[in-house]
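# Architecture and fold: a report
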Amino acid sequence: MSTNPPDLRPDLARARIANQPRKGQPTIGMVSLGCPKALVDSERILTRLRAEGYGISPDYTGADAVIVNTCGFLDSAKAESLDAIGEALTENGRVIVTGCLGAEPDYIREHHPRILAVTGPHQYEQVLDAVHAAVPPSPDPYIDLLPASGVSLTPRHYSYLKISEGCNHKCKFCIIPDMRGRLASRPAHAILREAEKLVENGVRELLVISQDTSAYGVDIKHATDRGHRAHITDLARDLGSLGAWIRLHYVYPYPHVRNLIPLMADGLVLPYLDIPFQHAHPDTLKRMARPAHGAKTLDEIAAWRTICPDLTLRSTFIVGYPGETEAEFQTLLDWLDEAQLDRVGCFKYENVAGARSNALPGHVAEEVKQDRWDRFMEKAQAISEAKLAAKVGQTMDVIVDDIDEDGIATCRTRADAPEIDGNLFIDEGTEGLSVGDIVSVEVDEAGEYDLWASQTRT
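It should be emphasised that the depicted structure is a prediction, and the values quoted were computed from it without experimental measurement. (Residues numbered from 1 in each chain as written. Predicted model: local features only at pLDDT ≥ 70, side-chain atom pairs only at ≥ 80, totals over all residues. Heavy atoms only, no water.)

### Quick notes on the overall build of the protein chain
Tallying secondary structure elements over the protein chain gives twelve helices and 20 strands in all. Relative to all contacts within the protein chain whose residues are 6 or more apart in sequence, the contacts with residues 24 or more apart total 73%. Carbon together with sulfur atoms contributes 50% to the accessible area of the protein chain, which is approximately 19,400 Å² in total. (Helix = DSSP H or I, 4+ residues; strand = E, 2+ residues; numbered from the N terminus. Contact = heavy atoms within 4.5 Å. Areas by Shrake-Rupley, 256 points an atom, 1.4 Å probe, with all protein chains shown as cover.)

### Side note on the packing of aromatic side chains
Under the defined criterion, the tally for this structure stands at nine aromatic pairs. Aromatic pair Tyr321 and Tyr349: ring centres 5.3 Å apart, planes at 80 degrees, arrangement edge-to-face. Placement of Tyr321 in the loop between β14 (312-319) and α11 (326-339) and of Tyr349 in the loop between β15 (343-348) and α12 (366-389) is noted, with a sequence separation of 28 residues between them. Accessibility assignment for this pair places Tyr321 and Tyr349 in one class, buried. Here Arg247 stacks its cationic end above the ring of Tyr272, 4.6 Å away from the centre of that ring. (Phe/Tyr/Trp six-rings, centres within 6.5 Å; stacked < 30°, edge-to-face > 60°. Buried < 20%, exposed > 50% of the residue type's maximum accessible area, 1.4 Å probe, protein only. Lys NZ or Arg CZ within 6 Å of the ring centre and 35° of its normal.)

### Observations concerning the nonpolar core
Judged by nonpolar contacts, the single largest core of 50 residues is most densely connected at Met264, Leu273, Trp304, Trp335, Leu341 and Phe376. By residue number, the principal contributor to this core is α11, which donates six residues. Ignoring anything within four residues of it in the chain, the contact list for Trp304 reads Val257, Arg258, Ile261, Leu273, Ile275, Leu311 and Leu313. Membership of the second largest hydrophobic core comes to 19 residues, among which are Phe173, Cys174, Met288 and Ala355. (Core = buried A, V, L, I, M, F, W, Y, C linked by side-chain atoms within 4.5 Å.)

### Re helix α1 (residues 36-51)
Across its 16 residues, α1 extends 23 Å between first and last C-alpha, which sits within 8% of the 22 Å expected from 1.5 Å per residue. Restricting attention to buried positions, one finds in α1 the residues Pro36, Lys37, Ala38, Leu39, Val40, Asp41, Ser42, Glu43, Ile45, Leu46, Leu49 and Arg50. The positive-phi residue at the C-terminal boundary of α1 is Gly53, with phi of around 100 degrees. (Expected span 1.5 Å × (residues − 1).)

### Side note on the environment of Asp129
Here Asp129 lies in helix α4 (residues 124-134). For Asp129, a relative accessible area of 49% gives the class partly exposed.

### Focus: the pattern of salt bridges
Within the structure shown, the criterion is met by 22 salt bridges. Where Asp342 meets Lys387, a salt bridge forms, and the shortest distance between an N and an O atom there is 3.4 Å. With Asp342 in the loop between α11 and β15 and Lys387 in helix α12, the pair connects residues that are 45 residues apart, well separated along the chain. Judged by its relative accessible area of 15%, Asp342 falls in the buried class. A network of salt bridges, in which partner residues are shared, links Glu324, Glu326, Asp371, Arg372 and Arg375. (Salt bridge = Lys/Arg side-chain N within 4 Å of Asp/Glu carboxyl O.)

### Description of the side chain of Arg343
Counting through the fold element by element, Arg343 comes out in strand β15. On the accessibility criterion, Arg343 (7% relative accessible area) is buried. Discounting chain neighbours no more than four positions away, the residues touching Arg343 are Thr312, Leu313, Arg314, Ser315, Ser384, Leu388, Ala415, Asp416, Asp421, Gly422 and Tyr449.

### A closer look at the pairing of strand β19 (residues 438-446)
Bridge count between strand β16 (residues 395-403) and β19: five bridges; the pairing is antiparallel. Residue Val398 lies in a different strand from β19, and its bridge partner there is Val439. Both β19 and strand β20 (residues 451-455) contribute to a ladder of five bridges, which runs antiparallel. Across the sheet, the residue bridging to Ala446 is Leu451, located in β20. The hairpin formed by β19 and β20 contains four residues between the paired strands. (Pairing = 2+ DSSP bridges.)

### What to know about the sheet that holds strand β1 (residues 27-32)
Spatially, β2-β1-β3-β4-β5 is the arrangement adopted by the five strands of the open sheet, whose pairing is parallel. Both edges of this open sheet fall to β2 (55-56) and β5 (117-118), since each of them pairs with a single strand only. Across the sheet, α1 is in contact with β1, β2, β3 (65-70) and β4 (95-99); its angle to β1 comes to roughly 175 degrees. (Axes fitted to C-alpha atoms, helices over the stretch in contact; angles between N-to-C directions.)

### Thoughts on the UniProt feature "binding site: [4Fe-4S] cluster 1" (unreviewed entry) in the protein chain
Here the UniProt feature "binding site: [4Fe-4S] cluster 1" (unreviewed entry) sits at Cys35, Cys71 and Cys100. These annotated residues cover 66 residues of sequence, and their C-alpha atoms lie no more than 10.6 Å from one another, placing them together at a single site. Within the element layout of this structure, Cys71 appears in the loop between β3 and α2 (75-91). Structurally, the position occupied by Cys100 is in the loop between β4 and α3 (105-111). Not counting residues up to four positions away in its chain, the partners in contact with Cys100 are Thr70, Cys71, Gly72, Pro121, Met179 and Arg180. (UniProt positions renumbered as here; feature names shortened; annotations may be inferred.)

### Digging into the pairing of β14
Among the eight residues that make up β14, eight are buried, leaving the element largely enclosed by the rest of the structure. Neither face of β14 is open: one carries Thr312, Arg314, Thr316 and Ile318, the other Leu313, Ser315, Phe317 and Val319, and all of them are buried. In this sheet, β14 lies alongside strand β13 (residues 272-274) in parallel orientation, the contact comprising three bridges. The residue of β14 that forms the bridge with Leu273 is Leu313. The pairing of β14 with β15 spans six bridges and is classified as parallel. By the bridge assignment, Val319 is partnered in β15 with Lys348. The parallel pair β14 and β15 is bridged by α11, and the resulting crossover is right-handed. (Right-handed = clockwise from strand over helix to strand, strands pointing away.)

### Remarks on unusual backbone geometry
A positive phi angle, close to 50 degrees, is found at His222, a residue other than glycine. Relative to the helices and strands, His222 is located in the loop between β9 (205-209) and β10 (224-225). You can call His222 partly exposed: its relative accessible area is 24%. In this structure, Gln340 takes a positive phi of about 50 degrees despite not being glycine. By the element assignment, Gln340 lies in the loop between α11 and β15.

### Some details on the sheet that holds β16
Where strands meet in a sheet, backbone hydrogen bonds hold them as pairs that are either parallel or antiparallel. Read around the closed barrel, five strands run β16-β17-β18-β20-β19, paired in mixed fashion. Along the sheet, successive strands turn relative to each other by an average axial angle of 50 degrees, direction set aside. Examined bridge by bridge, strand β17 (residues 409-413) and strand β18 (residues 424-426) share three bridges and lie antiparallel to one another. Across the sheet, residue Thr410 finds its bridge partner in β18, namely Phe425.

Take a look at the structure:
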């Protein structure tokens with residue numbers, strides 16, 4: 001796992017998340033690791049701290065203490081989290097740990113006994129208590145006013161919108177339910193209120209996230225409250241009425257997902273689905289405890305594309321899962337050929353402490369995992385390259401994420417989520433463009449994962 005995004009770590013930040021602290025104001029730094037869901041947790045913690053009169057420091061040396069929001073999903077992510085904690089201790093010395101790895105306090109203290117406190121995932125009150133103990137608040141009610149939009153760790157023009165916590169699945173390779181608990185959905189009216197405020201404050205794109213987006217509302221029996229029903233289809237329709245780009249992440253392929261596709265065809269929601277298929281062979285999926293079947297999924301994909309031909313599908317897969325045979329892996333490659341997914345990520349299986357998959361027989365040798373990963377990514381790259389080449393000559397809308405000192409604009413199409421998908425570059429004629437603009441372009445050139453275009457003139 002990597003930081004999200006990397007340049008928002010206090011040691012790398014460009015100080016856009018905070019004004020200069022007033023004299024005597026206690027300041028806190030934040031290192032946010034892992035997935036966008038953790039980033040939302042970091043934003044919530046910082047917003048609460050700002051409301052209590054704390055300043056947000058963009059560097060280690062200017063902070064009275066540093067919060068490290070950790071990831072603990074994979075052993076490699078745990079290692080990165082431990083490294084980040086160690087770095088914060090070296091650079092600052094006063095460190096509070098929270099997030100997913102915080103569910104294992106003894107493990108953290110074994111490596112870093114000097115930390116001030118450890119709290120688990122989404123334990124906001126405990127994090128605040130730890131900050132209060134380490135750095136007592138000293139608010140000035142006439143100065144420390146919190147903006148209506150709260151503290152954001154993303155650029156002003158897009159924002160993550162978390163709709164639920166936890167997960168009810170019991171996939172054998174995953175420990176998220178153990179760390180974050182069972183599904184707990186937010187009321188639909190509260191999500192809509194947050195989304196409205198974000199759009200009012202300039203957000204042009206809302207990225208809907210959770211552990212299982214398509215299960216939203218199951219735990220509260222899809223309750224209707226204040227005119228809004230807690231169901232992903234209703235929520236997507238409501239969000240689509242706000243006029244921003246709405247992008248859906250972590251959508252499990254339940255049958256009712258097909259009801260979202262007409263909303264995409266009608267332009268209410270971006271024609272983009274991020275669905276973690278994980279594998280295609282039924283035996284592998286069974287060993288993963290994933291209730292899905294590759295052939296049926298292909299039928300669903302074909303039906304979705306019939307309704308919405310420009311649908312973009314992104315997914316992630318695991319190769320080298322315990323017991324995966326060469327024949328099972330070949331089935332995955334053949335499935336990928338037929339599915340023709342637009343955006344694909346792949347992980348080599350690794351044991352995670354506490355995961356049930358650790359005890360499965362038939363663990364795959366590391367060199368075999370690497371070979372399968374290489375072959376998988378070669379095929380996925382070829383599919384991506386061909387799909388992007390077919391876009392040359394097309395006119396499309398893009399959102400501007402950055403404009404560098406040379407005037408080159410880094411943008412994204414409707415098919416690209418920030419940080420994980422490709423980019424579209426405009427390298428001339430960008431005068432008058434601003435970050436957050438949505439503009440029309442004509443695609444001139446395509447690469448393996450990125451596009452180049454010229455701005456259309458009207």
